[in-house]
Amino acid sequence: MKSLQLNVFPCVPPQVDLLTGRFDAENLQYKSTCIRDLVGIFRDESARQLLPDSLEVYRVEILVSPQQEGELLAGTTHLMPGKVGDEFFMTRGHFHQRREQAEFYFGLRGCGILLLQPEAAPAYSELVFAGSVHHIPSFTAHRLVNTGNDILSALAVWPAMAGHDYQALQPEGFSLRVYDREDGVFLEAANV
Ligand code: PAN
Ligand code: ZN
């Protein structure tokens, strides 16, 4: 390969490690979500209370861009392996405040399930694994579930002005839940 002979030097852009989703960049924001932040999210609230409050369930690192119309954000979610009772660790899940704004997820590490809950249609799900690509349509709530033993990392790209609406899903939550049972991973209707 020829070496670069340039009179004008290009900037070195931020980088992402595609095996882990970790960014190497100057402007990063981090958000950590622990067991104490997830009251009412898992089916078995008393099992949640038995876990240490400060146990980290997931962490998001976001490449900062301007918060303005037309801009995009990129961020990686790292969801730990673990369970509350027999229910796998999962993100809180949300609709976008701007419901019409869609998103892409890219599975990078580990394995799990993406739960998708459209406003006006039954919930459905997709397998997440290294290399999986997920289009999250408009008007659709989304949540990651880690069904494996490794960290589940997924890179996401979404409109900077989409916002997160966590309230609209409460108190019922998603209509599908994912459990670890003796004979495997079970995806069940939440009200069973
Ligand atoms: C993701 C999520 C991330 C954490 O970046 O925000 O997975 O999940 P919760 O926001 O539900 O806690 C995304 O979907 N952004 O729009
Ligand atoms: Zn989202």
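Going by the annotation in an unreviewed UniProt entry, the name recorded for the chain is glucose-6-phosphate isomerase, with Yersinia aleksiciae given as the source organism. Within the UniProt record for the chain, the comment given under Pathway (unreviewed entry) is "Carbohydrate degradation; glycolysis; D-glyceraldehyde 3-phosphate and glycerone phosphate from D-glucose: step 2/4." We quote the UniProt Sequence similarities (unreviewed entry) comment for the chain here in full: "Belongs to the archaeal-type GPI family."

Draft legend 1. Local environment of the site of ligand 1. In the vicinity of ligand 1, 14 residues are found, and the nearest of them are Tyr58, Thr77, Gly93, Tyr105 and Tyr166. A distance of 2.7 Å is found between an oxygen atom of ligand 1 and a side-chain nitrogen or oxygen belonging to Thr77. Within the contact set of ligand 1, an oxygen atom lies 2.5 Å away from a side-chain nitrogen or oxygen of Tyr166. In the complex, 97% of the free accessible area of ligand 1, which totals 390 Å², lies under the protein chains. Grouping the amino acids of the shell around ligand 1 by side-chain chemistry returns five nonpolar, seven polar and two charged.

Draft legend 2. Up close: the coordination of the zinc ion (ligand 2). The protein atoms donating to the zinc ion (ligand 2) are His94 (NE2), His96 (NE2), Glu103 (OE) and His142 (NE2), with metal-donor distances spanning 2.1 to 2.3 Å. Here the zinc ion (ligand 2) binds six donor atoms, and the angle range of 75 to 173° at the metal identifies the geometry as octahedral. Sequence positions of the residues that donate to the zinc ion (ligand 2) give the spacing H-x1-H-x6-E-x38-H. Judged by its relative accessible area of 8%, His94 is buried. A residue is classified by how much of its surface remains accessible, and His96, at 3% relative accessible area, is buried.

Draft legend 3. Highlighting the UniProt feature "domain: Glucose-6-phosphate isomerase prokaryote" (unreviewed entry) in the chain. Here, UniProt's "domain: Glucose-6-phosphate isomerase prokaryote" (unreviewed entry) annotation points to residues 35-172. Regarding residues 35-172, the helix share stands at 4% and the strand share at 45%, and the terminal C-alpha atoms are separated by 19 Å.

Draft legend 4. Here's a closer look at the pairing of strand S5 (residues 72-79). The buried fraction of S5 amounts to seven of the eight residues, a majority that puts the element mostly inside the structure. Direction of pairing for S5 relative to strand S14 (residues 152-159): antiparallel, over a ladder of eight bridges. Bridge assignment links Ala74 to a residue of S14, and that residue is Val157.

Draft legend 5. Spatial organisation of the nonpolar core. In this structure, Phe89 and Leu144 are the most contacted members of the largest nonpolar core, which totals 37 residues. Those elements giving two or more residues to this core turn out to be strand S4 (56-63), S5, strand S10 (112-118), strand S13 (140-146), S14 and strand S16 (176-181). Listed in part, the six residues of the second largest apolar core include Phe23, Leu28, Leu63 and Leu155.

About the criteria used
- Residues numbered from 1 in each chain as written.
- Chains lettered and ligands numbered in written order.
- Predicted model: local features only at pLDDT ≥ 70, side-chain atom pairs only at ≥ 80, totals over all residues.
- Heavy atoms only, no water.
- UniProt positions renumbered as here; feature names shortened; annotations may be inferred.
- Near = heavy atom within 4 Å.
- Polar contact = N/O pair within 3.5 Å; in protein donor to acceptor, adjacent residues only side chain to side chain.
- Areas by Shrake-Rupley, 256 points an atom, 1.4 Å probe, with all protein chains shown as cover.
- Nonpolar A, V, L, I, M, F, W, Y, C, P; charged D, E, K, R; others polar.
- Donors = N, O, S within 2.8 Å, 3.2 Å for Na, K, Ca; no water.
- Tetrahedral: all angles 85-135°; square planar, octahedral: opposite > 155°, others 65-115°.
- Buried < 20%, exposed > 50% of the residue type's maximum accessible area, 1.4 Å probe, protein only.
- Helix = DSSP H or I, 4+ residues; strand = E, 2+ residues; numbered from the N terminus.
- Pairing = 2+ DSSP bridges.
- Core = buried A, V, L, I, M, F, W, Y, C linked by side-chain atoms within 4.5 Å.

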